[in-house]
Amino acid sequence: MKTLPTLPPSSTEIAKLSAVDIAALVTITFMRKNRETSENNILFTANEIQKALSGKYNLYRLTIGDLDKAFLNGVSGIYGDVYEIGYVAFISWIDAYLASDEYLDKIHKSDTLALPQKSTQTAEEIEKDINRFIIEKFNDYKTSKELIDSGCICYKYLVNKCLLKLDTSKKWDAYYKAKDYIEKIRKIQKKKRGNAFDEWKEKCIKEYDIVHTAKLMLVKEFFDKVIQYNKEDAFKKTLLA
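Here the structure is a predicted model, which is why all the values come from computation and not from measurement. (Residues numbered from 1 in each chain as written. Predicted model: local features only at pLDDT ≥ 70, side-chain atom pairs only at ≥ 80, totals over all residues. Heavy atoms only, no water.)

Bringing the pattern of salt bridges into the picture now. Per the counting criterion, the structure on display carries ten salt bridges. The closest approach of N and O atoms between Lys137 and Asp95, which form a salt bridge, is 3.2 Å. Of this pair, Lys137 sits in helix α6 (residues 123-144) while Asp95 is found in helix α4 (residues 87-98), placing the two residues 42 residues apart along the sequence. Assessed through its relative accessible area of 3%, Lys137 is described here as buried. (Salt bridge = Lys/Arg side-chain N within 4 Å of Asp/Glu carboxyl O. Helix = DSSP H or I, 4+ residues; strand = E, 2+ residues; numbered from the N terminus. Buried < 20%, exposed > 50% of the residue type's maximum accessible area, 1.4 Å probe, protein only.)

Laid out in structure tokens, this is it:
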């Protein structure tokens, strides 16, 4: 019987983690889902996660305990159905965890700040943080055409600010497009995995998955128009005003 790799103490901050530590956590995540993968894939994924942790996540005081919780929630389906486990999935789970009440409660209880600033933020400071987050997501999307926003923060903010204007017809159109997309992905996964695919997933499409995917599609469409019509500077000035 395989035993779980040993992890550092849960309070160990991400800045102190080695690629080997992260590889151990990645391995545990695959084992929890009963998925097989190669050692090379484990090491590659761990190295990419470590780069992200030392980059855009270095402002957050995350610990390996936080990562373990995020990955456990993710692989358990709390943040949506799990199709493939890889770098993109791990990063989306970290984003979802950071946007969760679970993480915010942890911060308040431990008096640990999510960002290196005052423990009590003004409404203006919170809005500036959200604006920077959205600009970062826009820049990432412009480069990769991928949008990872598990909390749908971009959608909520753009709609609230009337930058993303949607009528009922457009929302339903996005909903059905998202539903069709998820059904196609599941059929592909079933074909790849055969009997290993969870049959109930084919019969029951979670409302969360459809709505979440629809919102991402609408934000992507908005970003595409900003890029297409050379409105990037105006868009960013609006957010930073």
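The next subject is the side chain of Thr45. Within the secondary structure, Thr45 sits in helix α2 (residues 39-54). The buried category is assigned to Thr45, whose relative accessible area is 2%. Apart from the residues within four sequence positions on either side, Thr45 is in contact with Val26, Gly86, Tyr87 and Phe90. (Contact = heavy atoms within 4.5 Å.)

Turning our eyes to something else, we now look at the packing of α6 against helix α11 (residues 232-240). Where α6 meets α11, the axes come as close as 9 Å, and the angle between the chain directions of the two elements is 160 degrees. As summarised for this structure, α6 and α11 are arranged roughly antiparallel, according to the angle between their axes. Both α6 and α11 take part in a crossing whose hand is right-handed. Of the residues in α11, those in contact with Asn131, Ile134, Ile135, Phe138, Asn139 and Lys142 of α6 are Glu232, Phe235, Lys236, Leu239 and Leu240. Across the contact of α6 with α11, the residue classes tally to six nonpolar, two polar and three charged. (Axes fitted to C-alpha atoms, helices over the stretch in contact; angles between N-to-C directions. Parallel < 35°, antiparallel > 145°, perpendicular 65-115°, else oblique. Left-handed = near helix turned anticlockwise from the far one by under 90°. Nonpolar A, V, L, I, M, F, W, Y, C, P; charged D, E, K, R; others polar.)

Turning our eyes to something else, we now look at the side chain of Thr213. Structurally, Thr213 is set in helix α10 (residues 207-228). The class for Thr213 is buried, based on a relative accessible area of 15%.

So, about unusual backbone geometry. Positive phi outside glycine occurs at Asn34, with the angle close to 60 degrees. Secondary-structure assignment places Asn34 in the loop between α1 (19-32) and α2. Here the phi dihedral of Asn230 falls at roughly 55 degrees; this positive angle occurs in a residue that is not glycine. By the element assignment, Asn230 lies in the loop between α10 and α11.

Turning to the state of the cysteines, a few remarks are in order. Per the stated rule, a full pass over the model turns up zero disulfides. Not engaged in a disulfide, the cysteine Cys152 finds its nearest cysteine sulfur in Cys154; these two sulfurs lie 8.7 Å apart. Overall, the relative accessible area of 6% leaves Cys152 in the buried class. You can call Cys154 buried: its relative accessible area is 1%. (Disulfide = S-S within 2.5 Å.)

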